[in-house]
Amino acid sequence: MERTINKPIIGVAALVLVLVVAGVYYLRNRSPALPEVAAPTTAPRPATEPQIEHPLPAGADNAAAAAPLPELADSDAPLRDALGQLSGTENVKRYLLPENIVRRLVVTIDNLPRQKVAVEKRPTAPIAGSFMAEGDELHATLDPQNFERYKPLVAVISQLDMHQLGAVYVHFYPLFQQAYQNLGYPTGYFNDRLVQVIDLLLATPQQTGPVQLVRPNVMYTFADPALEARPAGQKLLIRMGPENAAAIEAKLKELREVVTAAPLKH
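All of these numbers come straight from a predicted model, not from anything done at the bench.

This part covers the environment of D76. Relative to the helices and strands, D76 resides in helix α1 (residues 76-87). It is 9.7 Å that separates the C-alpha atoms of D76 and L97, two residues lying 21 residues apart in sequence. Apart from the residues lying within four places of it in its own chain, the contact partners of D76 are P98, E99, N100 and I101. Within the structure, the side chain of D76 is placed 2.9 Å from the backbone nitrogen of N100, a separation counted as a polar contact.

Rendered as structure tokens:
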């Protein structure tokens, strides 16, 4: 028997920048919404210099440097335009929410290693379709038909040039850093957090068979407690299916090298 159920959706496509993925977070999110923080005109100066593990590579901001950097509050249109030149204006309109892009990306990327991701702060529009499971509440599996829903977005991400994307990221980086400090990390370095999240996503365990689910309440959860306890970002990749996850992970490896100027050690 097949069940279909609508679920809250979170695009991790904190990716158009982190290329993390744009998937669904179809478990109920009971976390309180993060408060809006008024953005100062300049990035706050930390009391002490942050210990930077992954500094942005020198000279990474090439052609993008020609454009002036906007204020954080005025960055939506310039960032959409820059991303539109990489992936197409229609793709940006289709997948990326139009407002507070930098803040939404920063919040979502920061949340991916946690158990919950703030639905209200997602940077992407919901993926079309409904979550599907095969079986009943006690013995269900993740329906492979779900994987088809993400293929159009994964195709867009797979075609992105990571060096060009990295140039856009580096050009707008002061705004990402400002939003990250405003989030409550006055001495933090956002690129370190981005690399940490990429590494966590690349460590997602591969699933070789049907993914078992249970439905103790309204939402389905993983039947395996070890899987259910994993970070939200890893569970997102698992729910997208192995083929989609492999494509996203390949682009994440490329992006990691661009923003660190250091190959990933195996």
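Next, the rest of the story.
Within the span of helix α5 (residues 151-158), buried status applies to L153, V154, V156 and I157. Within α5, the buried residues cover an arc of 155° as seen down the axis, which keeps them to one side. Where α5 is buried, its residues contact α1, α2 (89-95), α9 (232-240) and α10 (242-260).

What follows covers the packing of α1 against helix α6 (residues 162-182). The contact between α1 and α6 brings their axes to 10 Å, and the two run at 170°. Taken as axis vectors, α1 and α6 run roughly antiparallel relative to one another. Contacts between α1 and α6 involve P78, L79, A82, L83 and L86 on the former and, on the latter, Q164, L165, V168 and F172. Split into classes, the residues belonging to the contact of α1 with α6 amount to eight nonpolar, one polar and no charged.

The next point concerns the nonpolar core. Grouped together as the largest cluster of nonpolar side chains are 51 residues, with contacts concentrated most on V102, Y169, F176 and F190. Counting residues per element, the ones that place at least two in this core are α1, α2, α3 (101-111), α5, α6, α7 (190-202), α9 and α10. At 11 residues, the largest contribution of residues to this core is made by α6. When neighbours within four sequence positions are excluded, V102 is seen to be in contact with L72, S75, L79, L175, F176 and A179. L142, L213, F222 and L227 belong to the second largest nonpolar core, which has 11 residues in total.

Here we come to the packing of aromatic side chains. Considering all chains together, one arrives at seven aromatic pairs under this definition. Considering the side-chain rings of Y169 and Y173, the 5.6 Å spacing of their centres and the 85° angle between planes classify their relative orientation as edge-to-face. Of this pair, Y169 and Y173 both sit in helix α6, four residues apart, roughly one helical turn. With a relative accessible area of 2%, Y169 lands in the buried category. Judged by its relative accessible area of 6%, Y173 falls in the buried class. For the ring pair Y169 and F176, a centre distance of 5.6 Å and an interplane angle of 65° mean the geometry is edge-to-face.

The interhelical angle for the contact between α7 and α10, taken along N-to-C directions, is 150°, at an axis separation of 10 Å. It follows from the interaxial angle that α7 and α10 lie roughly antiparallel. As for how α7 packs across α10, the hand of that crossing is left-handed. On α10, the residues touching N191, V195, I198, D199, L201 and L202 of α7 are E249, L252, K253, L255, R256, V259 and T260. Among the residues forming the contact of α7 with α10, the class breakdown is seven nonpolar, two polar and four charged.

A few words on the pattern of salt bridges. Tallying each qualifying case throughout the model produces six salt bridges. A salt bridge links D199 to R256; its shortest N-O distance comes to 2.6 Å. Placement of D199 in helix α7 and of R256 in helix α10 is noted, with a sequence separation of 57 residues between them. Its relative accessible area of 28% is what places D199 among the partly exposed residues. Among the salt bridges present, the one from E228 reaches K235, with a minimum N-O distance of 3.4 Å. Assessed through its relative accessible area of 1%, K235 is described here as buried.

Our next topic: α3. Among the 11 residues that make up α3, 10 are buried, leaving the element largely enclosed by the rest of the structure. Along α3, the positions that sit buried rather than exposed are I101, V102, R104, L105, V106, V107, T108, I109, D110 and N111. Check the buried side of α3 and you find it contacts α1, α6 and α7.

Cut-offs used in this document
Residues numbered from 1 in each chain as written. Predicted model: local features only at pLDDT ≥ 70, side-chain atom pairs only at ≥ 80, totals over all residues. Heavy atoms only, no water. Helix = DSSP H or I, 4+ residues; strand = E, 2+ residues; numbered from the N terminus. Contact = heavy atoms within 4.5 Å. Polar contact = N/O pair within 3.5 Å; in protein donor to acceptor, adjacent residues only side chain to side chain. Buried < 20%, exposed > 50% of the residue type's maximum accessible area, 1.4 Å probe, protein only. Arc of directions from axis to C-beta. Axes fitted to C-alpha atoms, helices over the stretch in contact; angles between N-to-C directions. Parallel < 35°, antiparallel > 145°, perpendicular 65-115°, else oblique. Nonpolar A, V, L, I, M, F, W, Y, C, P; charged D, E, K, R; others polar. Core = buried A, V, L, I, M, F, W, Y, C linked by side-chain atoms within 4.5 Å. Phe/Tyr/Trp six-rings, centres within 6.5 Å; stacked < 30°, edge-to-face > 60°. Left-handed = near helix turned anticlockwise from the far one by under 90°. Salt bridge = Lys/Arg side-chain N within 4 Å of Asp/Glu carboxyl O.

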